[in-house]
Amino acid sequence: MNDRTESAHADLLDAIVEALDLPLPSIEEADEQLYYRLLERRALAVRIIVQINRTVTRDPRVAAEAIRTRTAEEPVTYTPFEPDKDGDGR
């Protein structure tokens, strides 16, 4: 594997991490539900994109771009968790 290929694979892994690294939701039940739905949709999209990429193009750059595009289409719409100023989270 050459440097360019390694870089492309590292970029794909970065795109996967970015897609699945969501901020924790507030303690409100509605925010928690939105968080889990978004995480589920993004994980499904990542799985499908990687699976298709493996069978069609086998180019990690294409998969990384597709994941980033899909992630941008599914933004965080819930209220993220913010710990209290004293840091105990209550």
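So, here is what we can say about the structure in this document. Not measured: the values here are computed from a predicted model. (Residues numbered from 1 in each chain as written. Predicted model: local features only at pLDDT ≥ 70, side-chain atom pairs only at ≥ 80, totals over all residues. Heavy atoms only, no water.)

Comments concerning unusual backbone geometry
1) Next: The phi torsion at Arg 58 lies on the positive side, around 60°, for a residue other than glycine.
2) Next: Residue placement: Arg 58 occurs in the loop between α2 (29-55) and α3 (60-73). (Helix = DSSP H or I, 4+ residues; strand = E, 2+ residues; numbered from the N terminus.)

Topic: α3
1) Next: Between its first and last C-alpha, α3 extends 20 Å over 14 residues, near the 20 Å set by a 1.5 Å rise per residue.
2) Next: Looking only at α3, the buried set comprises Pro 60, Ala 63, Ala 64, Ile 67 and Thr 71. Taken down its axis, α3 places every buried residue within 100° of arc, on the same side. Exposed and facing more than 90 degrees away from the buried side of α3 are Ala 72 and Glu 73.
3) Next: Residues of α3 that are buried make contact with α1 (3-20) and α2. (Expected span 1.5 Å × (residues − 1). Buried < 20%, exposed > 50% of the residue type's maximum accessible area, 1.4 Å probe, protein only. Arc of directions from axis to C-beta. Contact = heavy atoms within 4.5 Å.)

Overview of the layout of surface pockets
1) Next: If you add up the space inside the largest pocket, you get close to 160 Å³.
2) Next: Together, His 9, Leu 12, Val 50, Asn 53, Arg 54, Arg 58, Asp 59, Pro 60 and Ala 63 line the largest pocket.
3) Next: At the level of elements, α1, α2 and α3 are the ones that each hand at least two residues to the lining of the largest pocket.
4) Next: Looking at side-chain class alone, the lining of the largest pocket contains 4 nonpolar, 2 polar and 3 charged residues. (1 Å grid on protein atoms, 1.4 Å probe; cavity = no way out; pocket = protein on both sides within 12 Å on 5 of 7 lines; lining within 4 Å. Points joined across faces, edges and corners; volume = space filled by probe spheres on them. Nonpolar A, V, L, I, M, F, W, Y, C, P; charged D, E, K, R; others polar.)

As for empty space enclosed by the protein
1) Next: For the structure on display, the rule yields 1 cavity of 30 Å³ or more.
2) Next: Approximately 40 Å³ is the volume attributed to the largest cavity.
3) Next: Lining the largest cavity are Ala 19, Arg 42, Ala 45, Val 46, Ile 49, Ile 67, Arg 70 and Thr 71.
4) Next: Within the residue set of the lining of the largest cavity, elements represented by two or more residues are α2 and α3.
5) Next: Counting residues per element, the lining of the largest cavity draws most heavily on α2, which supplies 4 residues.

Some points on the pattern of salt bridges
1) Next: In the structure shown here, the tally under the stated rule is 6 salt bridges.
2) Next: The partner of Glu 18 in a salt bridge is Arg 68, and the shortest N-O contact between them spans 3.2 Å. Of the two residues, Glu 18 is situated in helix α1 and Arg 68 in helix α3; the sequence distance between them amounts to 50 residues.
3) Next: Measuring nitrogen to oxygen at the nearest pair gives 3.4 Å for the salt bridge that ties Glu 74 to Arg 70. (Salt bridge = Lys/Arg side-chain N within 4 Å of Asp/Glu carboxyl O.)

A word on a nonpolar patch on the surface
1) Next: The grouping of Leu 44, Ile 48, Ile 52 and Val 56 at the surface amounts to a nonpolar patch, some 350 Å² of accessible area in total.
2) Next: Along the chain, the position of Ile 48 falls in helix α2.
3) Next: For Ile 48, a relative accessible area of 35% corresponds to the partly exposed category. (Patch = residues over 30% accessible without salt bridge, like charges linked within 9 Å, V, L, I, M, F, W, Y side chains within 5 Å. Areas by Shrake-Rupley, 256 points an atom, 1.4 Å probe, with all protein chains shown as cover.)

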